[in-house]
Amino acid sequence: MSLDSDVLIDRRRLRRKVSFWRVISFLALAALLLWGGTKFTGFGDARSERHIARIEISGPITYDRQQLKMLEKIAEDDAVQGVIVAINSPGGTTSGGEALYNALRKIAEEKPVTASITTLGASAAYLSAIASDHLVAQYTSLTGSIGVLFQFGNAQGLLEKIGVEVDAIKSAPLKAEPNFYEPATPEARETLQEVIDDTYMWFVGLVAERRGLSTERALEVANGQVYTGNQAIDLDLVDEIGGEEAAHQWLISEKGLSSDLEIIDWEPESNERSLPFPANLLGFLGSDNQNFIGSLLKTAKSVVDSSLPLDGLVSVWQAPDAATVSALGGARHD
C-alpha cells in the first residue's frame, strides 16, 4: 500500500512539473509572438518618435507605387521633422522621375527637404533631386544630363539574311511607328521629335523654376552634358559641395532642427514585410535562419527587378540595359 502511495505521489509531482513547463513554454511563445508582431506591425517603432527621415533613391528609377506610398506617409507623419534624400542613380523613366518629383514637393510643403548626390544623380535622378529645398553634391559627383533621347533598333538587314519577312496592317500610317523591321519614315521621325521636344521643354522648365534660372540659361546647361559637382555648383545646378553630413547640417543651421534628432532610414514595404507572419517569424528563431531567408528574398528581388522593363520615355545616363531598352523602342533622357 505504501508503494502505491509513493507511485501516486510521484505521478502527481510529474504532472505538476509538466504543467509548469507547459505554462512557461506558452508564455515564452506568447512573448515571442508579441515581440515579432511589434516588429512587423510597426508598434513600438522608433519612427513614432520625432526624427529626420532618410530616403534612398538608388538604381534605375521606375514608377514605384510602394515608394510613393511611403513618401505620402512621410508627408503626413508629424513625427518626421525633416527629410534627407540620398541619391545615387543614373535616372530612369520620366514617369517615375515625375512621380518622385511631385511626391517630394508634397513633402516639402509640410517639412524641410534636402538632397545629397553621392556618386551619380543624373537625368530623372537630377529631376528628383531638384524637388528638394537644398541640393548637395560631392566635388566628384556626376549630375546633370538634362535632356531627352529616344532610341530604337532596326533589324531589317538581319531579317533579310535569315529569310524572314514581317508585314503589318495598320489603322493609320503612324500606328506602331517606329518598328524594328523597317527604317523609320520621315513622318514617324517628325512625330517622335515633337514628343521629345515637349518632354524636354517640360524638364527644362522645372530646372529653371527650381534652380532660379532663366529659361535661356536653363536651355544652355540642359544640353545633355553631365557635370561634376564642382562644375554644377558654378552653374547653379547644386547649392553646396559636401555629403549627407552637409545636408544634415543645413537642416540644423537653416531650418532650426535639433541636432539631437535621430536620422532614421525609411524604406518602402517590401516582399519580405508582406510575407505571412509565420514566415517572418522564422527570421527570429536564429541568425542562420534569418540570414538564409534574407539572402533568398534579396536574390528573388534582384531577379524580379532586373527583368522589369523601362517602358515609355526614359531619363537615364549610361544605364547598363539602355541598349536593350532602346532597341525595344524606349526613350530616355540622356
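Here the structure is a predicted model, which is why all the values come from computation and not from measurement. (Residues numbered from 1 in each chain as written. Predicted model: local features only at pLDDT ≥ 70, side-chain atom pairs only at ≥ 80, totals over all residues. Heavy atoms only, no water.)

**Student:** Whenever I open this one, the overall build of the protein confuses me. Can you help?
**Tutor:** For the protein, the helix and strand inventory stands at twelve helices and twelve strands. When each of the 334 residues of the protein is scored for burial, the buried share is 38%. By sequence separation, contacts in the protein at least 24 residues apart represent 75% of the contacts at least 6 residues apart. (Helix = DSSP H or I, 4+ residues; strand = E, 2+ residues; numbered from the N terminus. Buried < 20%, exposed > 50% of the residue type's maximum accessible area, 1.4 Å probe, protein only. Contact = heavy atoms within 4.5 Å.)

**Student:** Explain the pairing of strand E5 (residues 134-137) to me, please; I cannot follow it from the model alone.
**Tutor:** Look at any regular strand and the pattern is simple: side chains alternate between the two faces of the sheet. Neither face of E5 is exposed, since His134 and Val136 on one face and Leu135 and Ala137 on the opposite face are all buried. Judged from the four bridges that link them, strand E4 (residues 113-122) and E5 form a sheet pairing that is parallel. Bridge pairing links Ile117 to Ala137 in E5. Crossover connection from E4 via helix H4 (residues 124-129) to parallel E5: handedness right-handed. (Pairing = 2+ DSSP bridges. Right-handed = clockwise from strand over helix to strand, strands pointing away.)

**Student:** Please explain the environment of Ala137 as it appears in this structure.
**Tutor:** Locating Ala137 in the fold gives a position in strand E5. Accessibility expressed as a relative area gives 0% for Ala137, which makes it buried. For the pair Ala137 and Ala246, spaced 109 residues apart in sequence, the C-alpha separation works out to 9.3 Å. With sequence-adjacent residues up to four places away left out, Ala137 is seen in contact with Ile117, Gly229, Val238, Glu240, Ile241 and Gly242.

**Student:** Would you mind going over the nonpolar core with me for this structure?
**Tutor:** For soluble globular proteins, nonpolar side chains are generally found buried alongside one another. Counting residues in each nonpolar core, the largest one holds 51 residues, and the members touching the most others are Leu71, Ile74, Val83 and Leu237. In this structure Ile74 touches Ala53, Ile55, Val80, Val83, Ile107, Lys111 and Trp266, once residues within four positions along its chain are discounted. By size, the runner-up hydrophobic cluster in this structure holds nine residues, among which are Val136, Trp250, Leu251 and Leu261. (Core = buried A, V, L, I, M, F, W, Y, C linked by side-chain atoms within 4.5 Å.)

**Student:** What's the story with the packing of helix H2 (residues 65-76) against helix H3 (residues 94-108) in this structure? I'm lost.
**Tutor:** In helix packing, the relevant descriptors are the interaxial angle and the interaxial distance, both defined with respect to the helix axes. Relative orientation of the contacting elements H2 and H3 amounts to 10°, with a least axis distance of 8 Å. In this view, H2 runs roughly parallel relative to H3, as classed from their interaxial angle. Residues Gln67, Leu68, Leu71, Glu72, Ile74 and Ala75 of H2 form the contact with H3, whose participating residues are Ala99, Leu100, Ala103, Leu104, Lys106 and Ile107. (Axes fitted to C-alpha atoms, helices over the stretch in contact; angles between N-to-C directions. Parallel < 35°, antiparallel > 145°, perpendicular 65-115°, else oblique.)

**Student:** I keep staring at unusual backbone geometry and nothing clicks. Help me out?
**Tutor:** The phi dihedral of Ser123 falls on the positive side, at around 55°, and the residue is not glycine. The residue Ser123 is located in the loop between E4 and H4 in this model. On the accessibility criterion, Ser123 (0% relative accessible area) is buried. If you check the backbone angles, Asp236 has positive phi at about 65° while not being a glycine. The topology assignment puts Asp236 in the loop between helix H8 (229-234) and strand E9 (240-241).

**Student:** How do you make sense of H3 when you look at a structure like this?
**Tutor:** In an α-helix, one full turn covers 3.6 residues, which means residues spaced three or four apart are oriented alike. The end-to-end C-alpha distance of H3 is 21 Å, a good match for the 21 Å that 15 residues give at a rise of 1.5 Å each. Of all the residues in H3, the buried ones are Thr94, Gly96, Gly97, Ala99, Leu100, Tyr101, Ala103, Leu104, Ile107 and Ala108. (Expected span 1.5 Å × (residues − 1).)

**Student:** Can you walk me through a negative patch on the surface in this structure?
**Tutor:** A cluster of like negative charges, contributed by Glu72, Glu76, Asp78, Glu109 and Glu110, occupies part of the molecular surface. By the element assignment, Glu110 lies in the loop between H3 and E4. (Patch = residues over 30% accessible without salt bridge, like charges linked within 9 Å, V, L, I, M, F, W, Y side chains within 5 Å. Areas by Shrake-Rupley, 256 points an atom, 1.4 Å probe, with all protein chains shown as cover. Salt bridge = Lys/Arg side-chain N within 4 Å of Asp/Glu carboxyl O. Lys, Arg positive; Asp, Glu negative; His and termini not counted. Charge placed at Lys NZ, Arg CZ, Asp CG, Glu CD.)

**Student:** What's the story with the pairing of E4 in this structure? I'm lost.
**Tutor:** Burial runs high along E4: eight of the ten residues are buried. Bridge count between E4 and strand E6 (residues 142-144): three bridges; the pairing is parallel. By the bridge assignment for E6, Gly121 is matched with Thr143.

**Student:** Sorry, what's going on with a nonpolar patch on the surface here?
**Tutor:** Where nonpolar side chains cluster on the molecular surface, the patch consists of Leu158, Ile162, Val164, Val166 and Phe180 and spans about 450 Å² of accessible area. Along the polypeptide, Phe180 turns up in the loop between helix H5 (156-161) and helix H6 (186-211). Look at Phe180 and you get partly exposed, because its relative accessible area is 44%.

**Student:** Help me out: how do you make sense of the environment of Ile61 in this one?
**Tutor:** By the element assignment, Ile61 lies in the loop between strand E1 (51-58) and H2. On a C-alpha basis, the gap between Ile61 and Ser95 in space is 9.1 Å, while along the polypeptide they are 34 residues apart.

**Student:** Just checking my understanding: could you explain the confidence of the model for the protein for this structure?
**Tutor:** Low-pLDDT portions of the prediction should not be read for the details of their coordinates. With 67% of its residues at a pLDDT of at least 70, the protein reaches an overall mean of 79. Here residues 319-334 is modelled with pLDDT under 50, and outside its nearest four sequence neighbours on either side it reaches 48 contacts, counting other chains as well. (pLDDT = per-residue confidence, 0-100.)

**Student:** Looking at this structure, I do not really get the pattern of salt bridges. What am I missing?
**Tutor:** Any two side chains of opposite charge can pair if their charged atoms end up close together. Taken as a whole and assessed by the stated rule, the structure comprises six salt bridges. With a shortest N-O distance of 3.0 Å, Arg54 and Glu56 are connected by a salt bridge. A relative accessible area of 14% means that Arg54 is categorised as buried. Salt-bridge contacts for Asp265 lead to Arg54; the nearest nitrogen and oxygen are separated by 2.7 Å. Here the residue Asp265 occupies a position in strand E10 (residues 262-266), and Arg54 occupies one in strand E1, the gap between them amounting to 211 residues.

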